[in-house]
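Observations on the three-dimensional arrangement
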There are 2 protein chains.
Amino acid sequence: MTNPFPVTLDDVHDAAVRLKGVAHRTPVLRSRTLDALVGAQVFVKCENFQRIGAFKFRGAYNAASRLSPEQLARGIAAYSSGNHAQAVALAARELGSTAVIVMPEDTPRSKVEATAGYGAEILTYDRYTGDRVAIGEALAAERGLALIPPYEHPHVIAGQGTAALELLEEVGELDALVVPVGGGGLIAGSATAAKGLRPGIRVIGVEPEAGDDTKRSLAAGERVSIPVPRTIADGQAADIPGELTFSINKRLVDEIVLVSDDEIRAAMRLAFERLKVVIEPSGATPLAALLAGRLDRVPPRIGVIVSGGNIDVERFAELCAPRDGQESAGRRSGE
Amino acid sequence: MTNPFPVTLDDVHDAAVRLKGVAHRTPVLRSRTLDALVGAQVFVKCENFQRIGAFKFRGAYNAASRLSPEQLARGIAAYSSGNHAQAVALAARELGSTAVIVMPEDTPRSKVEATAGYGAEILTYDRYTGDRVAIGEALAAERGLALIPPYEHPHVIAGQGTAALELLEEVGELDALVVPVGGGGLIAGSATAAKGLRPGIRVIGVEPEAGDDTKRSLAAGERVSIPVPRTIADGQAADIPGELTFSINKRLVDEIVLVSDDEIRAAMRLAFERLKVVIEPSGATPLAALLAGRLDRVPPRIGVIVSGGNIDVERFAELCAPRDGQESAGRRSGE
C-alpha cells in the first residue's frame, strides 16, 4: 500500500527549479574556531537566513506552487504555532493566493503578528482541548481551501530537501550530514537529496533528549509515541514521527543522536559569539551534537543544516544566561 | 610634503592577493525586509564574519605580510583595546611571528583572553595617565619590534579596502557605499577601492552623534579635535581623525551622517531579529543611518559594510533592552 519511494531526488530537483529566485540560496558558513572544536571541517548551511527565517518556506512554497489556479483562487489553509505558519502565509502571498492559519490561542504575539503581516487570516484554538489537525481539515473542507501540512506531504518534503541539495552542490563531497529532527520533514527531504547524490554519505538526525520519538521509533522499527516533550527546542516537540516522514527516514537515516537543553544553549551561545549568527534552539541541535561530542565517529567533512533563527533578543538572552541549576533564574551581566 | 595618493586602487588589489586564502571572503547578505524598510536594494557586506570577527584582520595582515623575514623574527607590536589587538595577534601567528599588544588595564577580560589566545604577549597601561601611542612606540624601539598602527599606515588602509573591493566585484554597480568611521582607516580604504572602480559612486561615512570628529573636520577642511566621545559605538570613539586617513577622506568621502546611540540599538535589534546576524554597535552604524533615514537621497542600490560583530550575549541584550529613559534599567522579557 505504501509507495516505497514517495519522494525522489528528481522531486527535490523539481522543487529547486520552482524555488529558484523565490527562496534565498542561503550561504554556507565556515569557522576555523568551530572546525578546531569539532576536529573536522564543518560546513554550516544557514537556513536561519532563509525567507521567514527558517527552511520551512522551501516546503510550503513548493507545495503551494503546485496548486491549480482555481485552488489558489480559493485559498490555502495550515495549522502551526511556529515557522510553518509564516511559511504558508508568505507562500500564499507570493502566489497571489490567500492563507488561513490555525494557531493555538497562546501563540506568542510576535509570531501571530509576523504571520498576519504576510496577509494571512489567523484562527485560534485551545491547544489543551482542540485537535489542530481536525480543526485544520474541517476548516479546509468547509471553505474549500487546500491544506498544506507541516511535514506529511511529498511536496513539502521535496521542498525541504533543496537546502541539502544546495549544500552538496556548493561544497562537494561530505562524509556526513547532520540535521535537526522534529516531525521529520527536513531530514526526510535532506536524506533523499543527500543519499541520491552521494550514496555513501551518513545522514545523522538530532533530537532533544526529551523528544526522542524518532530515535525510539527507528530502534523499534515502527512509529512510537512518547509524552509531549518539554524542551527549549520548540520546533522539535513532536511526540510521534509522521507516517510519511517515518517511512522515508527508516530507510535513509543512519542514526539519531540526542542533545540536552544545556548543550543546545551552549551551541546557541557559541554561534552568537564566534559565528556571529542567531540560531533558534531547534536550529542549534546539530551544532550542539557536534560540540558535545555526540557522534560516534567524527569524519573529516561534515555538513550541518541550521534550520532556523526565529527568536527574539530577550528570549535568546534568557536561554543563554549562566545557570545555577535553577530554571530561568540565571545571572545576567552587570547584575 | 604629503603624497596626494598615499594609497591607490592598485595597493588595494595587491592587498587582496596577499589576503587570498588567509582572510575570509565574507558573504554579502540580502533581506527583503531591510530593502522594504530602506526603500532600496541593500547589499550587506558581513565583516562580522571575518576572522577575529571584524574587518581589522585585513589591514593588520596586509601590513604584517610586508615585513622582512628578519623583522618577522623580531616581532610585531600594536596598541589597541579592541579588534585591532586580536587582528595583529592573529596576523603575527599566521606569519610565524610574535606579537606584543599594549592594552588599557581596564580592557574587558574577554578581549584580553581572545588576544592572548592567539599567542600574543599583553602589556597593560593606565588609560587615564598613559599615552598609548608613546608607549607603543617606546616598546617597539626598545625591543626592535615593527609597530602596526590601527589606521595610520598605507598598508593597513589598503588592506581594509579589500572588503569594498570584494563587495563591488560581487554585486556590480552600486550607487552608494555606506561605511562606519572611527579613525578613518576602513572608509579611506573603502573609498580608495570604490572610487577607483566606480568613479560615480557616493561614499558616505557614518559616525555616532557624540563622535563627529570627521564630520566636523571635513566641514572645517582640516582635522578638528573633539572631547573624547561617550557612545556605545566603542570602535568609533576617536576624538580626531588620523592625519593620513583624513588626507584621503577629505578627497574621497562625499558626506558624513550621524546616528544616535538609540538608532544604533534599534539597528542591532533589527539585524538580530530579521537578518539573524550579530553586529557590534560600531558595525551597526551604517544600517542605523539607513533605517533612521539619515541619507539625503536614497539611491536604488546601496552597499553597506558591517564592520564587526564582537560583543557577548549579555552586553548585546543589555544594549537592546527596552528603555524608559533610564540608563540600562530596561525591562526584560518575562519580567
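Our subject in this report is the structure included herewith. Just so you know, these numbers come straight off a predicted model, no measurement behind them.

**A look at the overall build of chain A**
Each helix and strand counted, chain A has 15 helices and 10 strands in total. Taking 2.2 N^0.38 as the reference for a compact globule, 335 residues should give roughly 20 Å; the C-alpha atoms of chain A span a radius of gyration of 19 Å, in line with that estimate. Dimensions of chain A, computed from the C-alpha atoms along their principal axes, are close to 55 × 50 × 40 Å. Taken over 335 residues, chain A has a buried fraction of 59%. Contacts in chain A between residues far apart in sequence, at least 24 positions, make up 70% of those at least 6 positions apart. Total accessible area on chain A is roughly 13,200 Å²; 48% of this is exposed by carbon and sulfur atoms. Charged side chains of chain A number 37 positive and 43 negative; the gap between the two group centres comes to 5 Å.

**Here we look at the sheet that holds strand β6 (residues 146-147) of chain A**
Residues and elements named next belong to chain A. Pairing within the open sheet is parallel, and its four strands lie in the order β5-β4-β3-β6. This sheet does not close on itself; its edge strands, each paired only once, are β5 (121-125) and β6. Note: strand β3 (residues 76-79) against β6, two bridges, orientation parallel. Across the sheet, I76 pairs through a bridge with A146, a residue of β6. Helix α5 (residues 83-94) contacts β3 and β4 (99-104) of the sheet and is inclined by roughly 170 degrees relative to β4.

**Observations concerning the sheet that holds strand β3 (residues 76-79) of chain B**
Within a beta sheet, neighbouring strands are joined by backbone hydrogen bonds and run either parallel or antiparallel to one another. Residues and elements named next belong to chain B. If you trace the four strands from one edge of the open sheet to the other, you get β5-β4-β3-β6, paired in parallel fashion. The open sheet terminates on both sides in strands that have one partner only, identified here as β5 (121-125) and β6 (146-147). For strand β4 (residues 99-104) and β5, the ladder comprises five bridges, and the chain directions are parallel. Along β5, the bridge assignment pairs I101 with I122. Here helix α6 (residues 109-117) sits on the sheet and contacts β4 and β5; the angle it forms with β4, its principal contact strand, is near 175 degrees.

**Section: the side chain of T162(A)**
Residue and element names in this part refer to chain A. Along the chain, T162 falls in helix α9 (residues 162-171). At a separation of 2.6 Å, a polar atom in the side chain of T162 contacts the main-chain carbonyl oxygen of G159. Residues in contact with T162, not counting those within four places in the same chain, are V12, A15, A16, L19 and R58.

**So, the relation of the copies chain B and chain A**
Between the two copies of the chain lies a relationship made up of a rotation around an axis and a movement along it. Relative to chain A, chain B is turned by 180 degrees and slid 0.0 Å along the rotation axis, the superposed coordinates differing by an RMSD of 0.0 Å. In short, the pair behaves as if placed about a two-fold rotation axis. Taking the C-alpha atom as reference, chain B places V277(B) closest to the rotation axis, 2.3 Å from it. In this assembly the copies share their binding face: 100% of the residues contributing to the interface of chain B also contribute to that of chain A.

**Quick look at the environment of S307(B)**
Along the chain, the position of S307(B) falls in the loop between β10 (301-306) and α14 (313-320). Along the primary structure S307(B) and S190(B) are separated by 117 residues, whereas in three dimensions their C-alpha atoms are 11 Å apart.

**Focus: the nonpolar core**
L287(A), F316(A), L287(B) and F316(B) are the most contacted members of the largest nonpolar core, which has 82 residues in total. Ignoring anything within four residues of it in the chain, the contact list for L287(A) reads L34(A), A267(A), A271(A), L275(A), I279(A), V304(A) and V306(A).

**Some words on the interface of chain B and chain A**
Counting residues at the interface gives 36 residues for chain B, matched by 36 residues for chain A. When chain B packs against chain A, the two sides together hide about 2,700 Å² of surface, and 58% of this comes from carbon and sulfur. Where chain B touches chain A, the interface holds two salt bridges. R269(A) is paired through a salt bridge with E314(B); the nearest N and O atoms lie 2.4 Å apart. Summed over the shared surface of chain B and chain A, the result is 10 residue pairs in polar contact (both at pLDDT 80 or more).

**Considerations on the side chain of S190(B)**
Residue and element names in this part refer to chain B. By secondary structure assignment, the location of S190 is in helix α9 (residues 185-197). For S190, a relative accessible area of 0% gives the class buried. A distance of 2.7 Å separates the side chain of S190 from the backbone oxygen of L186, its partner in a polar contact. In contact with S190, not counting residues within four places along its chain, are G161, A164, L177, V179 and I305.

**Observations concerning the packing of aromatic side chains**
Counted according to the given criterion, the structure contains eight aromatic pairs over all chains. Measuring from ring centre to ring centre gives 5.5 Å for F272(A) and F316(A), while their planes differ by 35 degrees; the resulting arrangement is tilted. Taken as a pair, F272(A) in helix α13 (residues 261-275) and F316(A) in helix α15 (residues 313-320) lie far apart in primary sequence, 44 residues in all. A residue is classified by how much of its surface remains accessible, and F272(A), at 1% relative accessible area, is buried. Grouping aromatic residues by their ring pairs yields a cluster made of F272(A), F316(A), F272(B) and F316(B). Between the NZ or CZ atom of R30(A) and the centre of the ring of F43(A), over which it lies, the distance is 4.3 Å.

What counts as what
- Residues numbered from 1 in each chain as written.
- Chains lettered and ligands numbered in written order.
- Predicted model: local features only at pLDDT ≥ 70, side-chain atom pairs only at ≥ 80, totals over all residues.
- Heavy atoms only, no water.
- Helix = DSSP H or I, 4+ residues; strand = E, 2+ residues; numbered from the N terminus.
- Rg over C-alpha atoms; globule rule 2.2 N^0.38 Å.
- Buried < 20%, exposed > 50% of the residue type's maximum accessible area, 1.4 Å probe, protein only.
- Contact = heavy atoms within 4.5 Å.
- Areas by Shrake-Rupley, 256 points an atom, 1.4 Å probe, with all protein chains shown as cover.
- Lys, Arg positive; Asp, Glu negative; His and termini not counted.
- Charge placed at Lys NZ, Arg CZ, Asp CG, Glu CD.
- Pairing = 2+ DSSP bridges.
- Axes fitted to C-alpha atoms, helices over the stretch in contact; angles between N-to-C directions.
- Polar contact = N/O pair within 3.5 Å; in protein donor to acceptor, adjacent residues only side chain to side chain.
- Least-squares fit on C-alpha atoms with pLDDT ≥ 70 in both.
- Core = buried A, V, L, I, M, F, W, Y, C linked by side-chain atoms within 4.5 Å.
- Buried area = accessible area lost by both parts, 1.4 Å probe.
- Salt bridge = Lys/Arg side-chain N within 4 Å of Asp/Glu carboxyl O.
- Phe/Tyr/Trp six-rings, centres within 6.5 Å; stacked < 30°, edge-to-face > 60°.
- Lys NZ or Arg CZ within 6 Å of the ring centre and 35° of its normal.

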